[in-house]
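Structural description and commentary
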Amino acid sequence: MANILIVDDSRTSRRILRGILESDGHTIICEAVNGQEGYDMYKEHKPDLVTMDITMPVMSGVEALKKIKAEFPDAKVVMISAAGQQHNMIEAVQSGASEFIAKPFDADEIKRIVKSIVEA
């Protein structure tokens, strides 16, 4: 299964995602609380997949996505978005996001999306 980096400033969101992904056989290799930390951890650990919240302090998820994709064009990044972030989702797609997951989380949808990206 995949080695995954979770980037989200919400401890609750990280915990929920970790539970869903680990129950599906994936390994969470690290977690980050903002986009800059996520970018730094991506460079260090080179995970198979990243889940990236859009709205975070220090550096947004979209900015972190752009930095990761500029340096690692094959990176697989799934953006996490709350309702009402349509403009951010469009920018993320244009910047190379693999897919989107909406909050509140749907476990079956997350498992399906991650599986489709990992097996691609």
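Let me sum up the structure you'll find in this document. Keep in mind that what you see is a predicted model, and the values were worked out from it rather than measured.

Time to look at the overall build of the protein chain. For the protein chain, the count of helices and strands is five helices and five strands. Across the protein chain, helices and strands are ordered from the amino to the carboxyl terminus as β-α-β-α-β-α-β-α-β-α. In summary, the protein chain has a C-alpha radius of gyration of 13 Å against a globular reference of 14 Å for 120 residues, a match within 12%. Judged by the C-alpha coordinates and their principal axes, the protein chain covers about 30 × 30 × 25 Å. The proportion of buried residues among the 120 residues of the protein chain is 47%. Surface summary for the protein chain: the accessible area is close to 5900 Å², and the carbon and sulfur share equals 49%.

Our next topic: the nonpolar core. Formed by 24 residues in total, the largest nonpolar core has its most connected members in L5, M52, V77 and M79. Contributions of two or more residues to this core are made by β1 (3-7), β2 (27-32), α2 (35-45), β3 (49-53), α3 (61-71), β4 (77-81) and α4 (86-94). The element that contributes the greatest number of residues to this core is α3, accounting for four residues. When near neighbours in sequence (up to four residues on either side) are disregarded, M52 contacts V7, G61, A64, L65, I68, V77, V78, M79 and I80. A2, I4, V78 and I80 belong to the second-largest nonpolar core, a separate cluster that totals 16 residues.

Our next topic: the sheet that holds strand β5 (residues 99-102). Spatially, five strands are ordered β2-β1-β3-β4-β5 in an open sheet, and the strand pairing comes out parallel. Every interior strand has two partners, whereas the edge strands, β2 and β5, have only one. Strand-to-strand twist of the sheet, defined as the mean angle between neighbouring strand axes without regard to direction, takes the value 20°. As defined by bridge partners, β1 adjoins β3 across four bridges and the pair is classed as parallel. Considered in β3, the bridge of L5 is made with V50. Where helix α5 (residues 107-118) meets the sheet, it contacts β1, β3, β4 and β5, and its direction lies at approximately 165° from that of β5.

Moving on, we come to the pairing of β4. Summarising burial for β4: five of the five residues are buried, a large majority. Covered by surrounding structure in β4 are V77, M79 and S81 together with V78 and I80, the residues of both alternating faces. Note that β3 and β4 share four bridges and pair parallel. Across the sheet, M52 pairs through a bridge with M79, a residue of β4. Since β3 and β4 lie parallel, the crossover through α3 that links them has a hand, and here it is right-handed. Relative to β5, β4 runs parallel, the two being bridged by four bridges. By the bridge assignment, V78 is partnered in β5 with E99.

Our next topic: α2. Buried within α2 are the following residues: G35, G38, Y39, M41 and Y42. What you see down the axis of α2 is that its buried residues fit within an arc of 170°, all on one side. Structurally, α2 contributes buried residues whose contacts are with β1, β2, β3 and α3. Near the N-terminus of α2, the side chain that reaches the backbone nitrogen of Q36, with its oxygen 3.0 Å away, is that of N34.

So, how was this worked out
- Sequence order sets the numbering: in each chain, residues are counted from 1 along the sequence as written.
- Restriction of local features to residues with pLDDT of at least 70 applies here, the model being predicted, together with a cutoff of 80 or more for giving and counting side-chain atom pairs; totals for whole chains, interfaces and linings are based on all residues.
- Values reported for side chains reflect all heavy atoms of the structure, with hydrogen atoms and water molecules removed beforehand.
- Strands here mean DSSP runs of E at least two residues long; helices mean DSSP runs of H or I at least four residues long; both are numbered from the N terminus.
- Only C-alpha atoms enter the radius of gyration, while the globule expectation follows 2.2 Å times N to the 0.38, with N the number of residues.
- Burial classes: relative accessible area under 20% of the type maximum marks a residue as buried, over 50% as exposed, and values in between as partly exposed (1.4 Å probe, protein chains only).
- Shrake-Rupley sampling with a 1.4 Å probe provides the accessible areas, and residues are treated as covered by the protein chains on show and by no other component.
- Here, nonpolar core means buried Ala, Val, Leu, Ile, Met, Phe, Trp, Tyr and Cys residues that are tied together by side-chain atoms lying within 4.5 Å of each other.
- The contact rule is simple, with two residues in contact once any of their heavy atoms fall within 4.5 Å.
- Pairs of strands are assigned from DSSP output, requiring at least two bridges between the strands.
- Think of each axis as a best-fit line through the C-alpha atoms, taken over the contacting stretch in the case of a helix, with angles from 0 to 180 degrees between the N-to-C directions.
- We call a crossover right-handed when, viewed with both strands directed away from the observer, the connection leading from the first strand over the helix to the second proceeds clockwise.
- Relevant arc is that of directions from the helix axis to the C-beta atoms, nothing else.
- Polar contacts here mean pairs of N or O atoms no more than 3.5 Å apart (in protein, one a potential hydrogen donor and the other a potential acceptor; neighbouring residues in sequence count only if both atoms are side-chain atoms).

In short, shape yes, function no, at least from these values alone.
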